[in-house]
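Listed here are the chains, written in short residue letters.
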Amino acid sequence: MASPTLTTGTPDARKGGGARRVRRQLPASPWLFAAPGLLITGAFILYPFVSTLVNSFTDRRTLVPGEFVGLANFRELLHDDMFWIGLRNSSLYVLGVVPALVLLPLLLALLVQKNIPGITFFRSAFYTPVVASIVVVGLIWVWLLDERGLVNSLLETLGGSPVGFLSDQWLILLSAMGVTVWKGLGYYMIIYLAALANVPRELHEAAAVDGAGAVRRFLTVTVPAVRSTMVLVAALSSVAAFKVFSEVYLMAGPSGGPAGEDTTLVMLVQRTGTGLTGRVGYASAISVVVFAVTVVLMLLVLRADRKEDA
Amino acid sequence: MPTSRRTFAVAAVAALVLPLSACGSGGDGGSSTDASGKVEGDITFQTWNLRANFKDYFEGLIADFEKKYPDTHVKWVDQPGEGYADKISADAAGGTLPDVVNVSPDLVAPLAKAGLALDLDKAAGQYEKEYLEGAWASHRIPGMDGTYAFPWYLNTGPLFYNKSLFEKAGLDPEQPPRTYDEVFDAALKIADKTDGEVATLANVPTIEDFGRYGVPLMNKEGTAFAFNDAKGVQLLARYKELYDAKALDPQALTATPESSGKKFLTGAVAMNPGSALDLANFKKQAPNLYENIGITDQITSTGHVNMYVMGLMVNAQSQRKPAAVAFAHYVTDAAHQMSFAKQVAIFPSTAGSLDDPYFTKEDGTDETRVRVAAAKSLKTAVNYTPVLFSEQMKTELRNEVAKALQGKQSPKEALDNAVKACDRLLQQQG
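Residues numbered from 1 in each chain as written. Chains lettered and ligands numbered in written order. Predicted model: local features only at pLDDT ≥ 70, side-chain atom pairs only at ≥ 80, totals over all residues. Heavy atoms only, no water.

Looking at an unreviewed UniProt entry, one finds chain B named Solute-binding protein, with Streptomyces coelicolor as its source organism.

Under an unreviewed UniProt entry, the name given to chain A is Sugar ABC transporter permease, and the source organism is Streptomyces violaceoruber.

As structure tokens, then:
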């Protein structure tokens, strides 16, 4: 049977030597515990990030390693119309989606917050789009918004004429934003439900005693109490919105809408950098811009939060 | 101790990153074209989207090959068609490209340029005479010597049209249009009669349309694109005319083959390209349409329809080249192409196969009518897709065409821009 002691020898030596050995082993042991996590993070996050950064300064293609070209890819970006279209659409997406995803889930959370019979059903129902595959969600909405789909049939029944939800440049983008908001409502609703559970009931009661109505209580009690959660939602949703791909890809088609006018930056990365003739270096440069903008977005949101605190 | 911790951390990161940095593209460049030697060893065979319907055929084929060459073992990998080029590129970049790969000529071009496709003129030139001349030539790359894949099956889809929509517009449903100009005239009439409710076409012109209209696609050397000539501009101008009259579906600018096929099924579009396989689909999903279905040849103003070619490429870096070449030839030889053609609506690329009564005699059914007509047109068909025309180039052309149709630029400007962009991409490909 193996000895549970660390060393063998005389009792004195065992005491001193064992203590020293334990001390010597301590610095490495945390790394060993962290190794699996580090390995996964390194392989799937750190390495691709560094690799993308390095590639952005090369003319690497899918099957050709490429050479160092300095800032040539970034200079080319400045003259690439499609890059500016992508930047415009990704930015518009943030402006269109984030306010809705900050406010609507909060209102939804207030609606389903109360513990009344059957409320679990509604909470689950509102959460269902979150767990549904984005491809399935996208296809369903494409069918609904098609020129001969359910929505246009209803409009025609009501005496209107069909709307080009999937053929007009701006309507495609708006439709995709609608899908993003619809799919994200449940996710952020859960976050708000957790935050609302921590709002002291006494504050609402005190405000009610002072004569505050529902709207006033919402503005003066609820909103300040969940403000940090709203900032979190704003930060998370703005980063996700800037990196939008699936919704626009499904609704606008692989070419990014009419004449590519609905292309977002991540769609451009996919289109430019994949396939056997993909320009990996150039696509990496676009990815670096996406990264930089998302970092700036996060900093802006956090700074706005700090200003509010001050 | 801080120093040892730092050392340990650096060592850990280095141990992690250094092996990974060995990943990536770039072959050893030392591949040989010698495929002589004993046919033996394990090889991998990759296809797209064939297992679902032809599992038994391919398993039987592989079993027969392994029986003929007892020292071989073929591992068959089948992947969905969606994103197939991305999967091949990941394999090619990662050094895990299978030994025998199902490819189309435009996929062969970048692989051949990267030294990953075996030159069959050198490695298997003795088989050349077994195939149709045009089919063998379809896997040649402008600017390179050699042929880089065995031709496999050919296809050319018929064009379906809705006879009742033709009748409603006062057109003779038994005399469908055959040239682009005839289609444009018919389309304008149908749109006019239905107040723009029914479009005739649902897709913007592709590079194959320009080819079939008689537009030269590239210069003779294959070093630059040329579809912005007067004839190309004329074609785009006519499409613009259709778009304005709603004879081209308003959603054509964002359409995919699937979405336009659906529009044809619902009667929103009068004509749609397809294959013999679609007939069964019409019968099942749209019986009313099936009763009114008209079948005609592809629209062409050159007298030559477009031919789609599939090939089997042998990985130039395969460790089992004799077995890989033998297997690729075995799958594509006359007997096996013929037996595959009897399983599915495709056409063999082997010399003389199209003269088989299976492709020349009708039995009165629509299926044989389509098959015989397609086989006949294949004898003079042309593969209008330039092998150097990449996915990125397709997108550039599509976007510029869309701008012209929307009136944001003239057809001439649109095609000039498309050619400029495609030439730039061509040069970047090297």
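That covers the picture; the talk isn't over yet.
Another point: the interface of chain B and chain A. Accessible area lost on assembly of the parts is the figure often given for the size of an interface. Facing 47 residues of chain B, the contacting portion of chain A comprises 40 residues. Summed over both partners, the interface of chain B with chain A comes to about 3400 Å²; 59% of that surface belongs to carbon and sulfur atoms. At the surface where chain B touches chain A, the tally comes to two salt bridges. Ionic pairing is found between A:Glu147 and B:Lys263, a salt bridge with its closest N-O pair at 3.8 Å. Where chain B meets chain A, there are ten residue pairs in polar contact (both at pLDDT 80 or more). Those elements that place two or more of their residues in the side of chain B that touches chain A are α1 (2–21), α3 (84–94), α4 (105–113), α11 (257–265), α17 (391–405) and α18 (411–429) of chain B. Tallying contributions element by element places α1(B) first for the side of chain B that touches chain A, with seven residues. When its residues are assigned to classes, the side of chain B that touches chain A shows 20 nonpolar, 18 polar and nine charged. (Contact = heavy atoms within 4.5 Å. Buried area = accessible area lost by both parts, 1.4 Å probe. Salt bridge = Lys/Arg side-chain N within 4 Å of Asp/Glu carboxyl O. Polar contact = N/O pair within 3.5 Å; in protein donor to acceptor, adjacent residues only side chain to side chain. Helix = DSSP H or I, 4+ residues; strand = E, 2+ residues; numbered from the N terminus. Nonpolar A, V, L, I, M, F, W, Y, C, P; charged D, E, K, R; others polar.)

What follows deals with the sheet that holds strand β9 (residues 347–348) of chain B. All names here are of chain B. Spatial ordering of the open sheet is given by β2-β1-β3-β8-β4-β9, a layout of six strands whose pairing is mixed. The open sheet has two free edges, formed respectively by β2 (72–79) and β9, since each of these has just one partner strand. Of the strands in this sheet, β1 (41–48), β2, β3 (100–103), β4 (150–155) and β8 (308–314) are in contact with helix α14 (residues 321–332), which crosses β4 at around 25 degrees. (Pairing = 2+ DSSP bridges. Axes fitted to C-alpha atoms, helices over the stretch in contact; angles between N-to-C directions.)

Here the focus is the environment of B:Lys129. Positionally, B:Lys129 belongs in the loop between α5 (120–123) and α6 (133–137). In sequence terms B:Lys129 and B:Leu248 are 119 residues apart; their C-alpha atoms lie 44 Å from each other.

Okay, the sheet that holds strand β7 (residues 293–296) of chain B next. All names here are of chain B. Read across the open sheet, the three strands follow the order β6-β5-β7; overall the sheet is antiparallel. What marks the edges here is a single partner per strand, and that holds for β6 (271–273) and β7. Strand after strand, the sheet turns through a mean of 25 degrees between neighbouring axes, direction not considered. The sheet contacts of α11 involve β5 (159–162), β6 and β7, and relative to β6 the element is tilted by about 140 degrees.

Residue and element names in this part refer to chain B. On domain assignment, one finds that chain B holds domain 1 (2–156 + 307–378) and domain 2 (159–304 + 386–429). A straight line from the C-alpha centre of domain 1 to that of domain 2 covers 30 Å. Three residues stand out in domain 1 for area buried against domain 2, namely Asp-106, Pro-142 and Val-370, and they jointly supply 31% of the buried area on that side. Counting across the domain 1 and domain 2 interface gives one salt bridge. We note a salt bridge from Asp-106 to Lys-394, for which the minimum N-O separation is 4.0 Å. In this structure, the connection of domain 1 to domain 2 is made through one residue pair in polar contact (both at pLDDT 80 or more). Looking at the side of domain 1 that touches domain 2, the elements with two or more residues in it are α4 and α16 (366–378). In the side of domain 1 that touches domain 2, the residues fall into eight nonpolar, two polar and six charged. (Domains from an automatic or database assignment.)

Our focus in this paragraph is a negative patch on the surface. Negative charge collects at one region of the surface, where A:Glu156, B:Asp192, B:Asp195 and B:Glu197 lie side by side. Note on placement: A:Glu156 falls in helix α7 (residues 150–157). For A:Glu156, a relative accessible area of 43% corresponds to the partly exposed category. (Patch = residues over 30% accessible without salt bridge, like charges linked within 9 Å, V, L, I, M, F, W, Y side chains within 5 Å. Areas by Shrake-Rupley, 256 points an atom, 1.4 Å probe, with all protein chains shown as cover. Lys, Arg positive; Asp, Glu negative; His and termini not counted. Charge placed at Lys NZ, Arg CZ, Asp CG, Glu CD. Buried < 20%, exposed > 50% of the residue type's maximum accessible area, 1.4 Å probe, protein only.)

Residue and element names in this part refer to chain B. Of the positions making up α3, those classed as buried are Tyr-84, Ile-88, Ser-89, Asp-91, Ala-92 and Ala-93. Where the residues of α3 are buried, they touch β1, β2, β3 and α4. Gly-95 lies just past α3 and shows a positive phi near 75 degrees.

In the Ramachandran plot, A:Ala259 falls in the positive-phi region, its phi being about 60 degrees despite a non-glycine side chain. Structurally, A:Ala259 is set in the loop between α12 (246–252) and α13 (265–273). Unusually for a residue other than glycine, B:Asp195 sits at a positive phi of about 55 degrees. Here B:Asp195 is to be found in the loop between α8 (180–193) and α9 (207–213).

Moving on, we get to the nonpolar core. The biggest cluster of nonpolar side chains holds 73 residues, and the ones touching the most others in it are B:Ile88, B:Val103, B:Leu111, B:Phe225, B:Phe227, B:Leu397 and B:Leu405. Counting contributing residues, this core receives three or more from each of domain 1 (2–156 + 307–378) and domain 2 (159–304 + 386–429) of chain B. If near-sequence neighbours (up to four positions away) are discounted, B:Ile88 is found in contact with A:Leu276, B:Gln46, B:Leu97, B:Val101, B:Asn102, B:Val103, B:Leu107 and B:Leu111. If you look at the next biggest cluster of nonpolar residues, it comprises 65 residues, including A:Leu145, A:Phe165, A:Val221 and A:Ala283. (Core = buried A, V, L, I, M, F, W, Y, C linked by side-chain atoms within 4.5 Å.)

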